[in-house]
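Letter by letter, the chains look like this.
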Amino acid sequence: QVQLVESGGGLVQAGGSLRLSCAASGRTFSVYAMGWFRQAPGKEREFVASISWSGGYTYYADAVKGRFTISRDNAKNTVYLQMNNLKPEDTAVYYCAARIGMATTERADYAHWGQGTQVTVSS
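Reading guide: rules and limits
- Sequence positions are assigned chain by chain, starting from 1 and proceeding in written order.
- Local features in this predicted model are restricted to residues whose pLDDT is 70 or higher, and side-chain atom pairs enter the listing and the counts only when it is 80 or higher, whereas totals over whole chains, interfaces and linings include all residues.
- Note: side-chain values were computed over all heavy atoms of the structure, leaving out hydrogens and water.
- Only Phe, Tyr and Trp rings take part, Trp by its six-membered ring, and two of them pair if their centres are within 6.5 Å. Stacked means planes under 30 degrees apart, edge-to-face means over 60, and tilted covers everything else.
- Numbered from the N terminus, helices here are DSSP runs of H or I no shorter than four residues, and strands are runs of E no shorter than two.
- Throughout, exposure labels follow a simple rule: accessible area from a 1.4 Å probe, protein chains only, divided by the maximum for the residue type, with under 20% read as buried, over 50% as exposed, and the rest as partly exposed.
- Neither His nor the chain ends contribute to the count of charged residues, in which Lys and Arg are positive and Asp and Glu negative.
- A carboxyl oxygen of Asp or Glu within 4 Å of a side-chain nitrogen of Lys or Arg is what we treat as a salt bridge.
- Residue contacts follow a heavy-atom distance rule, with two residues in contact if any of their heavy atoms lie within 4.5 Å.
- A pair of strands is treated as paired once DSSP finds two or more bridges between them.
- Simply put, an axis is a line fit to the C-alpha atoms, just over the touching stretch for a helix, and the angle between two N-to-C directions goes from 0 to 180 degrees.
- Cysteine sulfur atoms that pair up within 2.5 Å are treated as a disulfide.

Notes on the packing of aromatic side chains
Consideration 1: Tallied over the entire structure, the rule returns three aromatic pairs.
Consideration 2: With centroids separated by 5.7 Å and ring planes inclined at 70 degrees, the aromatic side chains of Phe37 and Phe47 adopt a geometry described as edge-to-face. Placement of the pair is Phe37 in strand 4 (residues 32-39) and Phe47 in strand 5 (residues 46-51), with a sequence separation of ten residues.
Consideration 3: Of the residues examined, Phe37 reaches a relative accessible area of 0% and is grouped as buried.
Consideration 4: A relative accessible area of 13% places Phe47 in the buried class.
Consideration 5: Centroid distance Phe37 to Tyr110: 5.3 Å. Interplanar angle 70 degrees. Geometry classified as edge-to-face. With Phe37 in strand 4 and Tyr110 in the loop between strand 9 (92-100) and strand 10 (112-113), the pair connects residues that are 73 residues apart, well separated along the chain.
Consideration 6: Tyr110 gets classed as buried once you look at its relative accessible area, which sits at 4%.

Re the side chain of Arg72
Consideration 1: Checked against the element boundaries, Arg72 lands in strand 7 (residues 68-73).
Consideration 2: Buried charge without a salt bridge: Arg72, with Asp73 as the nearest opposite-charge side chain at an N-O distance of 8.2 Å.
Consideration 3: Beyond its immediate chain neighbours, meaning those up to four positions away, Arg72 contacts Phe29, Ser30, Tyr32, Ala33, Met34, Ile51, Ser52, Trp53, Gly55, Thr78 and Val79.

What about the sheet that holds strand 1 (residues 2-7)?
Consideration 1: In space, the four strands of this open sheet follow the order 1-3-8-7, with antiparallel pairing throughout. In the strand order of this sheet, the two ends are held by strand 1 and strand 7, each with one partner. Between one strand and the next, the sheet's axes are offset by a mean angle of 15 degrees, whatever the strand orientation.
Consideration 2: Pairing analysis gives six bridges linking strand 3 (residues 18-26) to strand 8 (residues 78-83), with the strands arranged antiparallel. In the sheet register, Ser21 faces strand 8, and the bridge partner there is Tyr80.

A closer look at the state of the cysteines
Consideration 1: Tallied over the entire structure, the rule returns one disulfide.
Consideration 2: One disulfide bridge connects Cys22 with Cys96, the sulfur atoms lying 2.1 Å from each other. Classification of the bridge connecting Cys22 and Cys96 rests on its S-S torsion, roughly -75 degrees, and on that basis the disulfide is left-handed. Of this pair, Cys22 sits in strand 3 while Cys96 is found in strand 9, placing the two residues 74 residues apart along the sequence. Cys96 matches Cys22 in its accessibility class, with the two residues each being buried.

Quick word on unusual backbone geometry
Consideration 1: Look at Asn77: it is not a glycine, yet its phi comes out positive at around 55 degrees.
Consideration 2: By secondary structure assignment, the location of Asn77 is in the loop between strand 7 and strand 8.
Consideration 3: Classification of Asn77 by relative accessible area gives partly exposed; the value is 29%.
Consideration 4: One non-glycine residue, Asn85, lies in positive phi territory at about 50 degrees.
Consideration 5: In this structure, Asn85 sits in the loop between strand 8 and strand 9.
Consideration 6: Classification of Asn85 as partly exposed rests on a relative accessible area of 43%.

Here is the structure:
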């Protein structure tokens, strides 16, 4: 079992940047592929980015490609989401998720979830 805690959310103006962190505890972090998902009010939770256990493979939703970067530090048991050029439509609760196996883009593939961190982008 792995426990996940997100941090780094907040209020930022359009065009600004934030870096989200997700700290993992419990089972060995490096065996997990990690993902970031987000959920805006009244909408389904959607895929944002994911990264393989080694960090060698990354995947992004089209809406964030070129603006967001996912990375991980296995020595620190942490995965990051660097978000640049933020837009009002990026406003959502951002969730970190983990799964054993390959990184995927499907929410249903991830067994472990954090509580989420709010990101609000003002226009």
